Structures are given as C-alpha cells and as structure tokens.
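Descriptive analysis of the structure
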Amino acid sequence: MSDTMPIEEYLLKGGVLTSPDNAPPRYRGELLRLMASFVDSELAGAAGFADTINDAPGIKERIASAKIVLEKTDHAGRVLEIMGSFGADSGRYAAHHPWNARLKRDADIGAARQGGDMRLSVFHYPLQGWLDAVVMNVLMGTASTIQLRELTHVSYQPLAEVFRAILPREAHHTELGIEALKRIAEDEEGAKAAREAIIYWRPRVAASFGLSGSARYETLFRFGLRHTPNETLLSEWQAAIEAQLAALNLN
C-alpha cells in the first residue's frame, strides 16, 4: 500500500490487507464483527442440526446430516483461527455460548441479534423434526451460498482464502438438502407439510440478508468487506428459491 494513500481509498480500489499488523482499528472492528457473525451462525446452525440427526429416516440421511454438522463446525474453526490472530480467545470461544439455545417457534425478531452471540437471527428459531430441518437447510443453505460467494472477495486476504475453500462444501450441504426435499415432495402429504415449513422459514431466512439501504453496508463497502448491496443478494436468493421450488412443484 502506498504510504500516501488513505486506507479507505486503497481498499476501495481493490487493495487487500494480509496481516493484523496493518489493519486500522475501525477496520479490525468491522472485520471481527463479520467473522464473529459467521462463526456464531455456523456453530448455532451445527448445534441445531445435530439435534435432528436421530430424526432422519434412513442411514444415508443420517450420514448426510452428520457430515453437515461436522463440516459446519470445521468451518467455524477455520475462521476462528483468523479471529485468534486478532486476539480473540479461540481456545474458549466454542464453549462460550449455548449454541443450541432457541427462542419460541412463534417469536418474531426480524433481523435483530439476540442474547450474547452474533448468530444471524434465523438461527434463533427452533427446528421441529426432520422435514422442518430439511426445508430450513435448503432455504438457508441457498442463502449461505450466495452470502459466502460475496465474502470470498473480502479485502482481508487470509479470510477470503478460507471462504473460498469453505464455499463448495457449504454449497454441497444445500445439494444434500435438495436431494432430501425431493424425496419428501414425492409424497402428497410430505409435499403439503413441506409447503407449510417453507411458509414458516422463508421470511426468516430473507431477514438474514439485512436491511435494504443499510448504512452499515456502506461502511463495509468502503473497507472492501462487502461489494454487493443486501437487496441485490436478497433478489438473487429469491430467484434461486423460486427456481428450486418450481422444480420440486413446491411453490
């Protein structure tokens, strides 16, 4: 980076940082917040899905569920290592919050964070059995893939590299969910229950994209930590979900 170029100008022009040593305080704060949201969401998501493994209808589905739980926990660990380089207590972090804690099913918290962790609001809602978990996995997995694709371009290079490695595995989790949902939708009763679960989860997943015209997005954009507005990512997700549900005759 040029000694005379302001950090925001450098980052706006596509510059990257490679070490905590050259990250200014405000940038560090926003980067740590972004990482904490990802780590907490992965740990909360894994904890919630772990509780449904025994609800899976067969061995293949149990293996797929266990794989998702394992890999989400691993993804959290990879990003937590980077947080540790900024001073986070990575050794105690995973045991710091009750990751399986949930609100009541009929709670309505929008996009607001709750409690002491930084998970996305959708991970505060409880899963109700296997079918519900499959529907949530498909809707939120599709959202996570879109959100992660955005994060592969973050200006902190070590984190961008981790997100690039994580992205295909998270996308595969969604594919596993679509396979399971396809089997569920083949039965008329299963399809009806799936549509009811979609009605429940769809607005809650949509809230995970954040507010339209977000002032915080503008800050992240200046730091090169975000590049695509919330409403654009939300529209991409809505189109992807419409296509998936149409293919399964669930829209």
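None of these values were measured; they are calculated from a predicted model. Along each chain, residue indices are assigned from 1 in the same order as the chain's sequence is written. Under the rules for a predicted model, residues below a pLDDT of 70 receive no local features and side-chain atom pairs below 80 are neither given nor counted, while totals for whole chains, interfaces and linings still include all residues. The basis for the side-chain values is all heavy atoms of the structure; hydrogens and waters are excluded.

Quick look at the packing of helix α7 (residues 188-206) against helix α9 (residues 230-247)
- Running from N to C, α7 and α9 cross one another at 160°; their axes reach a closest spacing of 11 Å. Of the possible angle classes, the one that applies to α7 and α9 is roughly antiparallel. The element α7 and its partner α9 pack so that their crossing is right-handed. Here α7 contributes Ile198, Arg202, Val205 and Ala206 to the contact with α9, which in turn contributes Leu234, Trp237, Gln238, Ile241, Glu242 and Leu245.
- Across the contact of α7 with α9, the residue classes break down as 7 nonpolar, 1 polar and 2 charged. Under this scheme, a helix contributes an axis fitted over its contacting stretch, all axes are lines through C-alpha atoms, and angles between N-to-C directions fall in the 0 to 180 degree range. Comment: elements are numbered from the N terminus, with helices defined as DSSP H or I runs of at least four residues and strands as E runs of at least two. If an angle is under 35 degrees, it is roughly parallel; if it is over 145, roughly antiparallel; if it lies from 65 to 115, roughly perpendicular; otherwise it is oblique. By the definition used in this description, the sense in which the near helix is turned from the far one sets the handedness, with an anticlockwise turn below a right angle giving left-handed and a clockwise turn giving right-handed. For this analysis, residues touch if any pair of their heavy atoms sits within 4.5 Å. Basically, the charged four are Asp, Glu, Lys and Arg, the nonpolar ten are Ala, Val, Leu, Ile, Met, Phe, Trp, Tyr, Cys and Pro, and anything else, Gly included, counts as polar.

Describing the environment of Arg204
- Residue placement: Arg204 occurs in helix α7.
- Each C-alpha atom of the pair Arg204 and His173 lies 19 Å from the other, and the pair is 31 residues apart in sequence.
- Setting aside chain neighbours within four positions, we find Arg204 in contact with Arg105, Ala107, Val122 and Tyr125.

Some remarks on the packing of helix α5 (residues 129-151) against α9
- For the pair α5 and α9, interaxial distance at closest approach is 10 Å and the crossing angle is 140°. Of the possible angle classes, the one that applies to α5 and α9 is oblique. In this structure, α5 crosses over α9, and the sense of that crossing is right-handed. Two secondary-structure elements touch here, α5 through Val138, Leu139, Thr142, Ala143, Ile146, Arg149 and Glu150 and α9 through Leu233, Glu236, Trp237, Ala240, Ile241 and Gln244.
- Its residues placed into classes, the contact of α5 with α9 shows 8 nonpolar, 2 polar and 3 charged.

Observations regarding the layout of surface pockets
- Computed over the protein atoms alone on a 1 Å grid, cavities are sets of points where a 1.4 Å probe fits but cannot get out and pockets are open sets with protein on both sides within 12 Å along at least five of seven lines; a residue lines them when it has an atom within 4 Å of a point. Grid points are joined across faces, edges and corners, and a volume is the space filled by probe spheres set on the points. Its volume calculated, the largest pocket comes out at about 740 Å³.
- What lines the largest pocket is a set of 31 residues, and nearest its centre among them are Ser37, Arg113, Leu120, Ser208 and Arg226.
- Looking at the lining of the largest pocket, the elements with two or more residues in it are α2 (25-50), α5, α8 (215-222) and α9.
- Its residues assigned to classes, the lining of the largest pocket comprises 15 nonpolar, 9 polar and 7 charged.

By themselves, these figures tell us nothing about what the structure is for.
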